[in-house]
Structure formats: C-alpha cells, structure tokens
Amino acid sequence: MSENVNTRSSLVPIAAGALLGSALLVGLTFTVYRTVRSAEQRLAQPAIAAEPSGVAVADHAEASYCTPQFKEVLERVLHSCGLETGESRRGCKPSDVKTFAAISDEDFNALFRPLQDRGGVVLYDTNKHDLDDAAKQLVADRFGERRGARYFLVVGRASPIGGTEKNRALSHRRANSVLFHLKETTQDPELDKQVGTLWLGSEFAQLQEEEFCKWPTSRPGGKCDDRFVNQSAFISWVDCRL
Amino acid sequence: MTMKRWPAVLALLASGLGLLFGTNSTLDYAKHLDRSLHDVHCSFIPGAAPTADAEACRAAMYSPYSAILKESYWGGIPISLFSLGAFSFFAGVALYLVLAGPRASRGVQRTFGVLSLGPLLTSIVMFAISLIKLGALCNTCVGIYISSALLAIGGIAMLLRPNVDLANLSSGPTASPYAVAAVGLMALGVTTLVPGALYAAAMPDHSRFLGNCGTLKKPAVPELLTLKTSSPVKSAIMFEDPLCPTCKAFHQRLVIGELFEKLEPKLVLFPLDSACNWMLSEPLHPGACIVSKAVICGGAQAREVLEWAYDEQEALTAAGKAGDKQLTALIQTRFGAKMIACMGSAATKNTLNKHLHYAVDNSIAVSTPQLYLGDQRFCDEDSDIGLSYTMAKLAPEVVR
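Residues numbered from 1 in each chain as written. Chains lettered and ligands numbered in written order. Predicted model: local features only at pLDDT ≥ 70, side-chain atom pairs only at ≥ 80, totals over all residues.

## Focus on the overall build of chain A
And then number 1: For chain A, the helix and strand inventory stands at eight helices and four strands.
And then number 2: Traced from its N-terminal end to its C-terminal end, chain A shows the element sequence α-α-α-α-α-β-α-β-α-β-α-β.
And then number 3: Across the 242 residues of chain A, 38% fall into the buried class.
And then number 4: The long-range fraction of contacts in chain A, counting pairs at least 24 apart against all pairs at least 6 apart in sequence, stands at 77%. (Helix = DSSP H or I, 4+ residues; strand = E, 2+ residues; numbered from the N terminus. Buried ≥ 20, exposed ≤ 12 C-beta atoms within 10 Å, placed from the backbone. Contact = placed C-beta atoms within 7 Å.)

As structure tokens, then:
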C-alpha cells in the first residue's frame, strides 16, 4: 500500500512535467503555424498584404514655367523639328515655326522669359557664325547646368541687315555652330535626342534690346542693341516634361 | 529542502524567459513571410511591444545567420524556432525536478545538467557571430542568450551536487543512467526539430513572385562605376545612396552572405538629396550628393570609398546635416585635398548627373537600394530574409 502511494506520488511530478512540456510545445508550435498560415493568406490577398506604395518614378524636372501654353509650343517645336520622332531631319526654319507655333512674335518670346536664369544669348560678329572663346565658355557653362532637364533648345537668329534668305541661312549656321560644338566637346551619342534647334532668320520673334541685352550673354559689358542681340543664338535647358 | 530545489526553479524560470524571447523572435520572423515590413520585438523587457525602430534586431533577422536552409526555403527556418522546442523540453523537465525535489532521479538531473549546456553553447556561437560578423547585438537575441546562461547555471548546479544524500532519497522506477541520457537526448531532439518540420511544411510558396519586379530599359552607360569584386560571375546594376541606411544594410547583407564577391556590379549613384537630385523637393539624406561625388572620384577604388561611406555613415549624415563644409572636411581628412578638387570639378558633377539621368531613362522608382541582376530587378521584398533563396533561384551561379 505504502509502496503504491510512493509510486503514485513519484509519477505526479513526471506527469506534470510531461504535461507542461507537451502543452508548451504544442501550443507554441500551433501559434507559429497559425502565424505562417496567416502570412500565406496575406500573400494570397495582395490588397490586404500591402497598401499601394506610392513611390515616385524617376523623371525629368518640371519647372513652374512649364505652363500648358509653353508645353504646347515646346511640343510642337520638338515634334516638328524631328527631335521627338527621331527623324533624320533636324531643326526648324522660320516658316515651320510660324506654321506650327501658331503664335505671335511677342508671345513666342514671352514664353522664354522665365528661362533668364537658365539660359544665355550667344553673340556673333556681323555675318559670322563662329563661336569665339567666350561663346564656347557660355555654351559649356549653360550645357553643364543640365540638372533634370530633358531638352536643350538652341534658337538661332539674324539681325535685319541683309536679305531674308541670307539671314535664314546665317541663323541656321549659328544654331548649328552650337550643336556642332556640343557634339565635338561632349562626344555624346545621345545628344541628338536632347538638343532641339530652330533658326528664325530675321523674320520672326526678333529679340528686343531692352529686355534681352540684360540676359547673360557671351559678351557681357559689350555693345548690345536691337541689332547685336539678334546676331545670336539663344540657348537654354528646358525643365519640362512632355 | 526548498534551497536544494533552486537549480530546478532557476532552470524553470530560465526556460520560461527563453520561451518568451524565442516566441517573440520566431513570430516576428514568421510574420515577414508575407513579404511586407512589420514591427519587431527588440527589447530586454519581456512583453515589451514590437517597434519599427529596431535596427540591430532587423540586422540580425535579415542576416544569413538568423535561419537555416535559406537557399531552399524563402527566409529559411529561423534558428529561434528551435529554441521553442528546446525550452519547452527544459521547462517540462525542470518542472518535474522542482516537484520531485530531492526524490528526483539522479540520472535525470545529470542528463538535464549536460543537455542544458546545449543552448548555452549555441548562444555562445550566435553571440560571437553577432559581434564578429554583424557588429551589433539584438536585444531579443541577448534575451535568449541570458536565458540559456541561466538555464546552464541551473543545470551545472545539478551536475555538481553531491551524490550521497540524493541517492538515498531517489524513488520511483530506476533506470540505467545511459538509458536516461539516451531518452533525454532523443526527447530534446524531437521537441527541437518538430516545430521546424511543421514550419517548413506550412511555408508559403514564394517562387511565383520572383523576378516580377520589372526590367531595365536601357543598358549601362559608360559613366556608371564598376565595383571591384573577387570572383564575379553575374553582372548586376545597383542603385545606391551612400547615406541611405537601407543601402548600407543591404550592402552588408550581400557581403556577409558572400554574395557580393560573385557579382559584377555597376554602381548607379542615386543620392536622395535635392541638392543634385531634382526628383526630390527636399533632401532626405542631406550631403548624399557630396558623398556621391567622392565615390565617383574614387574611380577604380569606388568600392573602397563607398564602403568607407557606409562605415562612417552616422558621422557623415550628422556632418551633412550640419553643412557642406563639415562634410567636405570629413572627406578631406580621409582622402586628402586631391579628392576635394576632383569633387568640385565639372566632370564629376556631369558624371553624377548622368547617373541620375540613367535612373530617369529607366523610369526606376525613386527609392534606394535597388539591385538588378542582368536587367532583371531583384524585388525589394526579396532583399532581406528571402535574399539567399531569391539569389539561388535567379542567379544560382552566385550561390554555388
């Protein structure tokens, strides 16, 4: 009898220990199992598993001057001048600009006013299209300040001196002088996709001395009047997305 | 009599504590199987709530040492899961020893004492790995180490007890000490392995998610930096910000996991700093543009400069917030005036700009880090506990 009681009492600790150990093992394993299954359910229902992250996608810069009107003109310029379509034809002549821009001279120039801090006016000698050292420096400085811009615009002009046809050709050469200089100095195969050239001759959107002589020019402090400021190529990165 | 039971009581308490920390750690790990980020427990205080601010615990959880079979299962089977079975076993036996008191089988006490050294040895190994490989200690892990140490103290105390008086008091069925040891070892093995086996059987299939996170549209441009590795077998493109803590952690995981040396990585610097990155309206990591320029100027040693920036990230981040001068001074102290001159050059500025435009050309998300194996994006969700598994599936040559 006494032996039975002893045996029974010695089994109690064993049973208690086995019970605790088993209960802990089963209970915790079940908890972990349930957590794993719950993760699987969240995986099966992505809407529950994750809210939309809302992470932005890398894109070009968009400045405040990119008004709908500005973009409309820019888009027409870039599209019609072959930049967006990747055509071999490069640049736009005055008649093209007049047609596709469908905008007055004054309004066309007004669009570029916000670019004063971003752009510059490369000045040329009369009847010349060569870049002097100061002009090369201005082009390098301005082109080096790309930041997030997608397009670099070059707008060649000529003063009213001389005939229309001659001035068209001259402004074309001036725009090209910038483009060719950039090609030579950057050796960037993607350059054609970045630089848009227009040449306006002397017949469209002439620059006004009182405004554009105050812009950064390649000849700061030099003579600048209505004639000289149009012997030029306007250059600027444009921070707009299209 | 009560005094003689203290080793068993200590072992019981230690087992309970170990179960608490082990359970928290395991459940935190299991929650992450849904490929999302969750708060984790990272406190010495038992029962403390999980928190988002738990860098050391996250580093431990994401490291290759947090789980086994990581290349076979997404996330692997967490080491802490084995502690659940082990501590359950020790808790049960400890309760028996407490209740049985001096009448407890001497063989059971000895077996318990010897087996209690197992968790301690495991903890010592994990502690050493934490210090040597990870350079940080996770509080939850330390909780388990302490529990293991207390358990071992109780176990050793039982081993060291004199035989004489206890032998006379022992009652109940007697068995050979070897048989008791064999049964104890087997029971510990089974209880330790069963949760792991069930966990592996219940794990969701992640293979359907791999490689579904997009591709690069444009090939690498010459301006990208090459990071030197010892045995490259797989080309990769990495978008990183030297002052981004997540980039640092990811880089370290690749290095610690011995994966980085097998990659042939091109680095795209993508500083989340509005000083050069127009995609941000304000700097997320002030000074990251300056440090990125230093990495560019590292040239062939770009990896060394990048890893220096990661090592010194805290100081560089503080300097970046204080101002450009302070940050530049730190860089100059380490790399000299020549580096500063290079960083100020137009060419360096242009190169960094090209890195950012490369990101634009590929329409990548404005976030770092990002890894592309070839042109295939490695999903962010696979870059932590699922790193080894995903790498084994997408680039098996890297894990071989």
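## Remarks on the overall build of chain B
And then number 1: A tally of helices and strands in chain B yields 17 helices and seven strands.
And then number 2: For chain B, the C-alpha atoms occupy an extent of roughly 90 × 45 × 35 Å along the three principal directions.
And then number 3: Counting all 400 residues of chain B, 49% fall into the buried class.
And then number 4: Restricting to contacts in chain B with at least 6 residues of sequence separation, those with at least 24 account for 76%.

## Points about the packing of helix α4 (residues 106–115) of chain B against helix α8 (residues 177–202) of chain B
Residue and element names in this part refer to chain B.
And then number 1: One can describe the packing of α4 onto α8 by two numbers: an axis separation of 9 Å at closest approach and a directional angle of 45°. Taken together, α4 and α8 sit at an angle that is classed as oblique. Relative to α8, α4 is oriented so that their crossing is right-handed. Across from Gly107, Val108, Arg110, Thr111 and Leu115 in α4, the residues of α8 making contact are Pro177, Val180, Ala181, Gly184, Leu185 and Leu188.
And then number 2: Of the residues assigned to the contact of α4 with α8, the class counts are seven nonpolar, three polar and one charged. (Axes fitted to C-alpha atoms, helices over the stretch in contact; angles between N-to-C directions. Parallel < 35°, antiparallel > 145°, perpendicular 65-115°, else oblique. Left-handed = near helix turned anticlockwise from the far one by under 90°. Nonpolar A, V, L, I, M, F, W, Y, C, P; charged D, E, K, R; others polar.)

## Structural notes on the nonpolar core
And then number 1: Grouped together as the largest cluster of nonpolar side chains are 64 residues, with contacts concentrated most on Ala11, Phe90, Ala91, Val93, Ala94 and Leu97 of chain B.
And then number 2: Of all the elements in the fold, those that place two or more residues in this core are α1 (2–44) of chain A together with α1 (6–31), α2 (55–62), α3 (79–100), α4, α5 (117–134), α6 (139–160) and α8 of chain B.
And then number 3: When residues in this core are grouped by element, the largest group, 16 residues, is from α3 of chain B.
And then number 4: Those residues in contact with Leu97 of chain B, other than ones at most four positions away along the chain, are Ala8, Ala104, Gln109 and Phe112 of chain B. (Core = buried A, V, L, I, M, F, W, Y, C linked by C-beta atoms within 7 Å.)

## Concerning the sheet that holds strand β7 (residues 376–378) of chain B
All names here are of chain B.
And then number 1: The five strands are arranged β3-β5-β4-β6-β7 in an open sheet whose pairing can be described as mixed. What marks the edges here is a single partner per strand, and that holds for β3 (225–226) and β7.
And then number 2: Bridge analysis of β3 against strand β5 (residues 263–269) gives two bridges, and the strand direction is antiparallel. Following the sheet pairing, Thr226 is matched in β5 by Lys266. (Pairing = 2+ DSSP bridges.)

## Some words on the pairing of β5 of chain B
All names here are of chain B.
And then number 1: Among the seven residues that make up β5, five are buried, leaving the element largely enclosed by the rest of the structure.
And then number 2: Of the pairings in the sheet, the one linking strand β4 (residues 234–240) to β5 comprises seven bridges and is parallel in character. Looking at β5, one finds that Met238 is bridged to Leu267.
And then number 3: Note on the crossover from β4 through helix α9 (residues 245–256) to β5: the handedness is right-handed. (Right-handed = clockwise from strand over helix to strand, strands pointing away.)

## Quick notes on the interface of chain A and chain B
And then number 1: Contact residues are listed per partner, giving 37 residues for chain A and 45 residues for chain B.
And then number 2: Per-element accounting of the side of chain A that touches chain B gives the leading share, 24 residues, to α1 of chain A.
And then number 3: Partitioned by chemical class, the residues of the side of chain A that touches chain B number 21 nonpolar, ten polar and six charged.

## Overview of α8 of chain B
And then number 1: Here α8 of chain B contains 26 residues, and its C-alpha end-to-end distance of 38 Å stays within 8% of the 38 Å for a straight helix at 1.5 Å per residue.
And then number 2: A maximum bend of about 25° is found in α8 of chain B at Leu193 of chain B, where proline Pro195 of chain B lies one to four positions downstream. (Expected span 1.5 Å × (residues − 1). Bend = angle between axes of the 7 residues up to and from the residue.)

## Considering helix α10 (residues 288–297) of chain B
Residue and element names in this part refer to chain B.
And then number 1: Counting buried residues along α10, ten of its ten residues qualify, which places the element largely inside the surrounding structure.
And then number 2: For α10, the full list of buried residues reads Ala288, Cys289, Ile290, Val291, Ser292, Lys293, Ala294, Val295, Ile296 and Cys297.
And then number 3: Phi for Gly299, located one or two positions after α10, is positive at around 55°.

## Re unusual backbone geometry
And then number 1: Note the cis peptide between Thr368 of chain B and Pro369 of chain B, where omega equals 0°.
And then number 2: Checked against the element boundaries, Pro369 of chain B lands in the loop between α15 (346–361) and β6 (370–373).
And then number 3: Located in the positive-phi region is Ala205 of chain A, a residue other than glycine, with phi close to 50°.
And then number 4: You will see that Ser363 of chain B, though not glycine, has its phi angle at about 45°, which is positive.
And then number 5: Within the secondary structure, Ser363 of chain B is located in the loop between α15 and β6.
And then number 6: Take Ser363 of chain B: there are 13 C-beta atoms within 10 Å of it, and that puts it in the partly exposed class.

## Quick look at the confidence of the model for chain B
Residues shown with low pLDDT carry predicted positions that ought not to be read at fine detail.
And then number 1: With 96% of its residues at a pLDDT of 70 or more, chain B has an overall mean of 92.
And then number 2: Taken together, the chains of this predicted complex give a pTM of 0.85 and an interface ipTM of 0.87. (pLDDT = per-residue confidence, 0-100.)

## Side note on the pairing of strand β2 (residues 151–156) of chain A
Residue and element names in this part refer to chain A.
And then number 1: Of all six residues in β2, six are buried; the element is thus mostly enclosed.
And then number 2: Here β2 shows a buried face lined by Tyr151, Leu153 and Val155 and a second buried face lined by Phe152, Val154 and Gly156.
And then number 3: Sheet analysis places β2 next to strand β4 (residues 232–238), joined by six bridges and oriented antiparallel. The residue bridging Phe152 from the neighbouring strand is Trp237, located in β4.
And then number 4: Here β2 pairs with strand β3 (residues 195–199) via five bridges, running parallel. In the sheet register, Gly156 faces β3, and the bridge partner there is Trp199.
And then number 5: A crossover connection joins β2 to the parallel β3 through helix α7 (residues 164–186); in handedness this β-α-β unit is right-handed.

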